[in-house]
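Remarks on the overall topology
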Amino acid sequence: MTQIDQTGKSDSALPPEVSKTALSRARLARSRRWVVTVAIGAFGIAGALGLWELISARSGVLPGPIDVWRHIQANLLSSPYLESRGMSSGTGYLGHLAVTTRSVVFGVGLGTIVGATLGLNSLRVPAINEVVGPITAALGSAPIFVAAPFFLIWFGIQPAAQIGIVAFYTFLLMYVFSRRAAQNVGARFVESAMTLGGSPRSIFRWIYLPASIPEFLGGFRIALAGAWGLAAIAELLGAQQGAGFLIKFFASAFRLDAMVAVVVLIGAVAIIFDAVVVLVGKYLTRWVESGRRLGL
Amino acid sequence: MTERDTGSAVSFHDVECVFEHESGRTVRALDGVSFEVPAGQFVAIVGRSGHGKSTLLRCLAGLQATTAGDVRVGDRSIDGPGPDRSMVFQQDAVFPWMRVRDNVEFGLRAQGVAKEERNLTSTRWLEEVQLIDFADSWPRELSGGMRKRVALAAVLAMDSEVWLMDEPFGSLDYFTRRSLHDLLLTLWGETNKTVFFVTHDIEEALILADRVLLVRDGRIVEDLSNSLPRPRDEEVRASRPSVEMTKTIVDHLGSDGNVTLLDPTADGA
């Protein structure tokens, strides 16, 4: 055999003729585009807040953003208002948000693991889809919210009911998305892997799994976004903690500013989670041609 | 294992492949195909679209089950795909989610080869296909011709005895294709593997192969040996023997109910 030299490492995949200035110019253009995007986004948010303030000033019923912000500041870490109403001391709104977040994280986590495992394997093992397929077909089209009371009856205690309903909803969605993702893996990739000596296990690990990521992420974002609302509704129906519980509590006390504050907070948490998913997802799909990144 | 051991690298014995469509209609894609190929030979399989040349290759790859007959590699009947017969596909089948080096190492990794050894092997073949500077690139950053070279390196890394090529360069421009022909012939010369190269391009078959099998209606209608001197540049291709081979191939494959220049009775299709 010919001798092997160790020049395998190369710093850059760019051909030498691409000049440094052209590169920095491209980078500058990209950062300029980023600034414009952020500016437009900020402008939109400011506009929405202004509109909100205007409406609240006119209506007199809806609390404005400034009132809501003050209320959040006063009650986030520990809430004198809650304590004054005889609620358990020591936890502000943040503690309740953490309870809802826990339901979402565990529910989405559990549902994703089970749903994706079954979905990705459902092509290889037809029995999976024979069992799960009809369930997703029947329940996937029914509004999941109507299932919430059943979960409360089955599980009763918090947080099992909340986690259960989120997990169930996530499972249905992730099963369908993962199965479709596996179906869309090009046959040529699987066949190519087979002629290169890939075992069923290595083909699952190195072909099906990574190839499914873009579609999987699209489903995951939908599941996560829906999970916040679902967890809150499950809390509304019967819980002693959580964002949904707070909303119900404040509704009975006619504290609109507090209700809106909780809605804003849960929305903010959801946005942060989504941003993290997008960031991680962008990294995981950095191999996809930029025009074709599904769901991100 | 068998008394039929002929010492050939690949052999087909009365191979038949029948597809049944959902409508119940059956299509005989391969019909009584028999041939033997000695180790190290470069065989082109030439035919028109839909006449069974890809099916023949897929049967050899083990991606398509035969309905009768026997496909042998060495002295062993094949039964499913394996790394002794790696394939380069017509479509782009380089894994886009793996960097170039990981693509080349896929087969080795699947077989549990240790990282250092994988690295040595992939480095060697990436150098051979002149992509070592792109080892850490994503396939999307490469041109179509470069991706074909990645696919070649992945096959080379497996050290497969038989290379299967299903119109691998069909989508490339003329000059890229010519340079890949040169590369493929160089690699073949260095490794002495057996190559099956499916193409509908007569020019390509005559430039590359020692032997040309003509496939028509699922049968091998002619088995030509191609002894044109190498390298087969434009001059050789314009020579009289070369033009005559082209004419023979056209005679065997070209006549059709519609384009009856040669022998109107030869075909019922």
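Only a predicted model underlies this, so the values are computations on that prediction, with no experimental measurement involved.

Definitions and cut-offs
Residues numbered from 1 in each chain as written. Chains lettered and ligands numbered in written order. Predicted model: local features only at pLDDT ≥ 70, side-chain atom pairs only at ≥ 80, totals over all residues. Helix = DSSP H or I, 4+ residues; strand = E, 2+ residues; numbered from the N terminus. Contact = placed C-beta atoms within 7 Å. Nonpolar A, V, L, I, M, F, W, Y, C, P; charged D, E, K, R; others polar. Pairing = 2+ DSSP bridges. Axes fitted to C-alpha atoms, helices over the stretch in contact; angles between N-to-C directions. Buried ≥ 20, exposed ≤ 12 C-beta atoms within 10 Å, placed from the backbone. Right-handed = clockwise from strand over helix to strand, strands pointing away. pLDDT = per-residue confidence, 0-100. Core = buried A, V, L, I, M, F, W, Y, C linked by C-beta atoms within 7 Å. Parallel < 35°, antiparallel > 145°, perpendicular 65-115°, else oblique. Left-handed = near helix turned anticlockwise from the far one by under 90°. Expected span 1.5 Å × (residues − 1).

Brief notes about the overall build of chain A
Looking only at helices and strands, chain A has eleven helices and zero strands in total. Long-range pairs, those at least 24 residues apart, make up 71% of the contacts in chain A between residues at least 6 apart in sequence.

Here's the deal with the interface of chain A and chain B
You'll often see interface size given as the accessible area lost when the parts meet. Every contact between the two is made by 23 residues of chain A and, on the other side, 34 residues of chain B. Those elements that provide at least two residues to the side of chain A that touches chain B are α8 (187-195) and α9 (200-237) of chain A. Partitioned by chemical class, the residues of the side of chain A that touches chain B number eleven nonpolar, nine polar and three charged.

As for the sheet that holds strand β3 (residues 42-47) of chain B
Residues and elements named next belong to chain B. Read across the sheet, six strands follow the order β6-β7-β8-β3-β9-β10 without closing on themselves; strand pairing throughout is mixed. Each of the sheet's edge strands pairs with one partner strand only, and the pair in question is β6 (85-88) and β10 (219-225). Averaged over neighbouring strand pairs, the angle between their axes works out to 20° when direction is ignored. On top of the sheet, helix α4 (residues 144-158) reaches β6 and β7 (162-166); it is set at about 175° to β6, its chief contact.

Let's talk about the pairing of strand β8 (residues 194-199) of chain B
All names here are of chain B. The element β8 is largely enclosed, with a buried count of six among its six residues. Going residue by residue along β8, you find Thr194, Phe196 and Val198 tucked away on one face and Val195, Phe197 and Thr199 tucked away on the opposite face as well. Pairing geometry for β3 and β8, over five bridges, is parallel. Residue pairing across strands places Val43 opposite Phe196, the latter belonging to β8. Across five bridges, the pairing between β7 and β8 is parallel. Residue pairing for β8: Leu164 is matched across the bridge by Phe196. Tracing the backbone out of β7, into helix α5 (residues 174-191) and back to the parallel element β8 gives a crossover that is right-handed.

Focus: the sheet that holds strand β1 (residues 10-20) of chain B
Residue and element names in this part refer to chain B. If you trace the four strands from one edge of the open sheet to the other, you get β2-β1-β4-β5, paired in antiparallel fashion. Taken across any chain shown, the strands that pair with only one partner, and hence form the sheet edges, are β2 (26-37) and β5 (76-77). Those strands touched by helix α1 (residues 53-61) are β1, β2 and β4 (68-73), and its axis lies near 65° from that of β2.

Some remarks on the environment of Thr191 of chain B
Secondary-structure assignment places Thr191 of chain B in helix α5. In this structure the C-alpha to C-alpha distance between Thr191 of chain B and Gly40 of chain B, which are 151 residues apart in sequence, comes to 8.6 Å.

Topic: unusual backbone geometry
Residues and elements named next belong to chain B. The omega torsion across Arg230 and Pro231 is -5°, close enough to zero to call that bond cis. With respect to the helices and strands, the residue Pro231 is situated in the loop between β10 and α7 (234-238). The backbone phi angle of Asp14 is positive, close to 45°, even though this residue is not glycine. Mapped onto the secondary structure, Asp14 falls in strand β1. A residue is classified by how many C-beta atoms lie within 10 Å of it, and Asp14, with 13 of them, is partly exposed.

Considerations on the confidence of the model for chain A
Residue and element names in this part refer to chain A. For chain A, the mean per-residue pLDDT works out to 84, and 90% of the residues sit at or above 70. Within chain A, no element has a lower average pLDDT than helix α6 (residues 148-155), which sits at 75, and none a higher one than α8, at 95. Low pLDDT, under 50, characterises residues 1-13; the stretch is placed with 17 contacts to residues that sit more than four places away or in other chains.

Section: the nonpolar core
Membership of the largest hydrophobic core comes to 131 residues, with the highest contact counts inside it found for Val262 of chain A together with Ile45, Ala153, Phe196 and Phe197 of chain B. Looking at this core, the element that brings in the most residues is α9 of chain A, giving 16 residues. Once residues lying within four places of it in the same chain are set aside, the contact partners of Ile45 of chain B are Lys53, Leu56, Leu57, Phe196, Phe197, Val198, Leu213 and Val215 of chain B.

Description of the environment of Ser171 of chain B
In this structure, Ser171 of chain B sits in the loop between β7 and α5. Distance in space between the C-alpha atoms of Ser171 of chain B and Glu36 of chain B is 30 Å, their sequence separation being 135 residues.

A closer look at α8 of chain A
Listed in full, the buried residues belonging to α8 of chain A are Phe189, Glu191, Ser192, Ala193, Met194 and Thr195 of chain A. On its buried face, α8 of chain A is in contact with α9 of chain A together with α1, β6, α2 (100-110) and β7 of chain B.

Notes on the pairing of β10 of chain B
Residues and elements named next belong to chain B. Bridge analysis of strand β9 (residues 211-216) against β10 gives six bridges, and the strand direction is antiparallel. What sits directly across from Arg211, in β10, is Ser225. Where β9 hands over to β10, the hairpin turn is made up of two residues, of which Asp217 adopts a positive phi near 50°.

Describing the packing of helix α5 (residues 126-140) of chain A against helix α7 (residues 160-183) of chain A
Residue and element names in this part refer to chain A. The geometry of α5 relative to α7 is characterised by a closest axis approach of 10 Å and an angle of 120° between their N-to-C directions. In terms of orientation, α5 and α7 fall into the oblique class. Of the two elements, α5 crosses α7, and the hand of that crossing is left-handed. Residues Asn129, Val132, Thr136, Leu139 and Gly140 of α5 lie in contact with α7, whose contacting residues are Leu172, Tyr175, Val176 and Arg179. A breakdown of the residues in the contact of α5 with α7 according to their chemical character gives five nonpolar, three polar and one charged.

As for α4 of chain B
All names here are of chain B. The first and last C-alpha atoms of α4 sit 22 Å apart over 15 residues, in line with the 21 Å expected at 1.5 Å per residue. With respect to burial, α4 is a largely interior element, twelve of its 15 residues being buried. Downstream of α4 by a residue or two, Asp159 has a phi angle that is positive, lying close to 55°.

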